[in-house]
Amino acid sequence: MRIVMVLTSHDTLGNTGLKTGFWLEEFAAPYFVFRDAGVQLTLASPKGGQPPLDPKSDLPESQTPAMTRFKQDQTAQKVLSQTVKLADVKSQDYDSVFYVGGHGPMWDLAESPVSIALLESFYNSGKPIALVCHSPGVLRHVTYQGAPLVKGKHVTGFTNGEEKEVHLTHVVPFLVEDELMRLGAIFEKLADWLPFFVVDGRLITGQNPASSTSAAQALVKLLGERAAHASA
C-alpha cells in the first residue's frame with residue numbers, strides 16, 4: 001500500500017498574532033498506524049520541507065502515546081522535516097491520500113488549487129480519501145461529477161462546539177461543520193472530543209484529534225478490502 005500524507009504549510013492563526021500549523025497527534029497517530037501496517041509513506045505539504053507544528057498541540061496536557069513514540073523516533077522526525085512539495089504529488093503513484101488536521105489547513109489547503117485538483121484526481125480515479133478534524137474542511141471547493149464532493153455524503157469533522165471550546169469560532173475563516181452542511185453533506189458527530197469517524201464509500205472523515213487513530217485504521221482496512229477484492 002502506498003499512501004501520501006498531506007500537511008499544512010500555514011503557521012499564522014488568523015490575525016491573532018499566534019502560531020498554528022498541523023496538530024501533532026493527527027500526524028503521529030496515523031503515521032504509526034500506517035507504518036506499522038507496512039504502508040509505503042510519502043509526506044507532502046504545499047511548501048515542502050518541515051511543516052509548522054501548532055504549539056498548542058504539544059502542550060503537556062495534550063501528550064499521547066503516539067506523540068511520545070514520535071519524539072523517540074528519529075526516522076519519523078527526519079521524514080517529517082523533509083516533506084515533498086504537494087505540487088509534485090501525482091495520484092497515480094499512490095493508493096490513497098490522508099489529510100492531517102490542525103487549524104493551518106483551513107487557510108492554505110482549503111484554498112489551494114493544487115490540493116483541490118489532487119483530491120479530485122484521487123477520487124475521480126476510484127481511490128479512497130481520508131481527512132481528519134479540520135481537514136474535512138479542505139473539501140469545501142472539491143467537486144465530483146459537477147457537484148460538491150461531500151453533497152449527500154455522511155461526513156464528520158471538527159464540530160462547532162469544539163471550535164467554540166477552543167475559542168476560535170471568530171478566528172477561523174469558516175466553521176468545518178457549517179461549511180460541510182452548507183455543501184449538502186450529512187454531518188454526523190458525537191459529543192465534543194470523543195473519538196468518531198465516518199466511512200461513506202471511498203470517503204473517510206474523523207471528527208477530532210482523538211479520531212485520528214481510528215480514521216487511519218479505517219483507511220488501512222478499506223485499502224486491504226479493495227486489494228483483496230481486486231485479486232479475487
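Residues numbered from 1 in each chain as written. Predicted model: local features only at pLDDT ≥ 70, side-chain atom pairs only at ≥ 80, totals over all residues. Heavy atoms only, no water.

Draft legend 1. Spatial organisation of the pairing of strand β5 (residues 129–132). Side chains I129 and L131 project from β5 onto one buried face, and the interleaved A130 and V132 project onto a second face that is buried too. Remark: the strand β4 (residues 96–99)/helix α4 (residues 113–124)/β5 crossover connection has right-handed handedness. Alignment of β5 against strand β11 (residues 203–206), held across four bridges, turns out to be parallel. Residue pairing across strands places A130 opposite I204, the latter belonging to β11. (Buried < 20%, exposed > 50% of the residue type's maximum accessible area, 1.4 Å probe, protein only. Helix = DSSP H or I, 4+ residues; strand = E, 2+ residues; numbered from the N terminus. Right-handed = clockwise from strand over helix to strand, strands pointing away. Pairing = 2+ DSSP bridges.)

Draft legend 2. The side chain of S91, seen in detail. Tracing the backbone shows S91 in the loop between β3 (84–85) and β4. At a separation of 2.5 Å, a polar atom in the side chain of S91 contacts the side chain of S121. In contact with S91, other than residues within four places in its own chain, are L118, S121, F122, S125 and K127. (Polar contact = N/O pair within 3.5 Å; in protein donor to acceptor, adjacent residues only side chain to side chain. Contact = heavy atoms within 4.5 Å.)

Draft legend 3. Geometry of the sheet that holds β11. An order of β3-β2-β1-β4-β5-β11-β10 is seen for the seven strands of this open sheet, with the pairing classed as mixed. One side of each edge strand has no neighbouring strand; the edge strands of this open sheet are β3 and β10 (197–200). Across five bridges, strand β1 (residues 2–6) lies against strand β2 (residues 40–45) in parallel orientation. Bridging across to β2, V6 finds its partner in A44.

Draft legend 4. Inspection of the packing of helix α1 (residues 24–36) against helix α7 (residues 212–231) at higher detail. The contact between α1 and α7 brings their axes to 8 Å, and the two run at 35°. Two packed elements cross with a definite hand, and for α1 against α7 that hand is right-handed. Touching E25, E26, A29, P30, V33 and F34 of α1 are S212, T213, A216, Q217, L219 and V220, all from α7. Classifying every residue of the contact of α1 with α7 by side-chain character gives seven nonpolar, three polar and two charged. (Axes fitted to C-alpha atoms, helices over the stretch in contact; angles between N-to-C directions. Left-handed = near helix turned anticlockwise from the far one by under 90°. Nonpolar A, V, L, I, M, F, W, Y, C, P; charged D, E, K, R; others polar.)

Draft legend 5. Representation of the pattern of salt bridges. Counted by the stated rule, this structure contains nine salt bridges. With a shortest N-O distance of 2.5 Å, K71 and D58 are connected by a salt bridge. Of this pair, K71 sits in helix α2 (residues 65–71) while D58 sits in the loop between β2 and α2, and the two are 13 residues apart along the sequence. Of the charged contacts, one joins K221 and E225 as a salt bridge, the two residues approaching to 3.2 Å between their closest N and O atoms. Residue K221 and its partner E225 are both found in helix α7; the two are separated by four residues, about one turn of the helix. In this structure K221 comes out as exposed when scored by relative accessible area, which is 55%. Connected through shared salt-bridge partners, E111, R140, E179 and R182 make up one network. (Salt bridge = Lys/Arg side-chain N within 4 Å of Asp/Glu carboxyl O.)

By themselves, these are just geometric observations and shouldn't be taken as functional.
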